[in-house]
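# Structural description and commentary
Residues per chain, in single letters:
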Amino acid sequence: GHGRITPAHIRQLLTNGPAGLPQFPKVKCDKQGFGTPDTLFGHLRKLFTPAGLKSEQKSILCCALLTPRHGLDSDWFFDSLDPGEGVGERSNIVDQLIEMGWVIEDSERDTIRMDPLLRCICRHELELDLVLCGSFLDGLWEIHNNELSSDDRGQLDLAECFDNAAMLVADPAAAAHWK
């Protein structure tokens, strides 16, 4: 109420994007000489825009969008990006994205994931590389089916990756960015 942003609003923004949030008062923004009023989500989109990334980096980020919120097993992630190639060019691009902070590598849990805020923004800003995402999901499926010790966690992670892909494909705002 009263135009205040509550923690619940921020959590909803990070989870679902701006849809369904109450209309907050416009905020004066003078970033780089542009004096246009904007919303909080607009400010965040300007600060964390993936526009300056190379196309290969953006394509890899599309795959990172599919990972579970808590992360995906690093080996599964890298092997699905570069199937049968050992350490390929895409793995080097992931390393660049980790260095730049776009992707998080949790060495303690041996997982790859995205920050929730960056995930939300990239979901709205990236041109989705459906071919690479499809290949990535195929690779995950193959790895999962070939893993002799695929446990419940692996099954849940796989299901969440496919669920994230379905949400991206079903999102009308994202559909405008498919390639």
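In this report, the structure presented in the accompanying data block is examined. Note that the structure is predicted; figures quoted are calculated from it, not measured.

## Examining the overall build of the chain
- For the chain, the helix and strand inventory stands at nine helices and five strands.
- In the chain, the succession of helices and strands from N to C terminus is α-β-β-α-α-β-α-α-β-β-α-α-α-α.
- Total accessible area on the chain stands at roughly 10,100 Å², and carbon and sulfur atoms take up 55% of it.

## Examining the nonpolar core
- Within the largest apolar cluster, 34 residues are counted, with the highest numbers of intra-cluster contacts made by Leu-61, Phe-77, Leu-97, Phe-136 and Leu-140.
- For this core, the elements supplying multiple residues, two or more each, are helix H3 (55–65), helix H4 (74–81), helix H5 (89–100), helix H6 (116–125), helix H7 (130–146) and helix H8 (152–170).
- In contact with Phe-77, other than residues within four places in its own chain, are Cys-63, Ala-64, Thr-67, Leu-72, Val-94, Ile-112 and Phe-136.

## A short note on the packing of aromatic side chains
- In this structure the tally under the stated criterion is three aromatic pairs.
- Summarising the aromatic geometry, the rings of Phe-77 and Phe-136 are spaced 5.3 Å apart at their centres and angled 65° between planes, so their arrangement reads as edge-to-face. Here Phe-136 lies in helix H7 and Phe-77 lies in helix H4, a separation of 59 residues in the sequence.
- Ring centres of Trp-141 and Phe-162 lie 6.1 Å apart, and the angle between their planes is 80°; this geometry places the pair in the edge-to-face category. Residue Trp-141 is found in helix H7, and its partner Phe-162 is found in helix H8; the two are separated by 21 residues along the sequence.
- Under the relative-accessibility criterion, Phe-162 is labelled partly exposed at 33%.

## Quick notes on unusual backbone geometry
- Even without being a glycine, Asp-110 presents a positive backbone phi close to 55°.
- Mapped onto the secondary structure, Asp-110 falls in the loop between strand E4 (104–106) and strand E5 (111–113).
- Judged by relative accessible area, which is 36%, Asp-110 ranks as partly exposed.

The rules behind these values
- Each chain carries its own residue numbering, running from 1 in the direction its sequence is written.
- Where totals are concerned, whole chains, interfaces and linings use all residues; where local detail is concerned, this predicted model gives features only for residues with pLDDT of at least 70, and gives and counts side-chain atom pairs only at 80 or more.
- To get the side-chain values, take all heavy atoms of the structure and skip hydrogens and water.
- Starting at the N terminus, helices and strands are each numbered in turn, a helix being any DSSP run of H or I of at least four residues and a strand any DSSP run of E of at least two.
- Only the protein chains shown count as covering a residue, and every accessible area follows the Shrake-Rupley method with a 1.4 Å probe.
- Definition used in this section: a nonpolar core is a set of buried Ala, Val, Leu, Ile, Met, Phe, Trp, Tyr and Cys residues joined via side-chain atoms within 4.5 Å.
- The cut-offs for exposure are 20% and 50% of the maximum accessible area for each residue type, with area from a 1.4 Å probe on protein chains only; residues under the lower value are buried, those over the upper are exposed, and the others partly exposed.
- Every residue pair with non-hydrogen atoms within 4.5 Å of one another is taken to be in contact.
- Any two rings among Phe, Tyr and Trp, with Trp reduced to its six-membered ring, count as a pair given centres within 6.5 Å; such a pair is stacked if its planes are under 30 degrees apart, edge-to-face if over 60, and tilted if neither.

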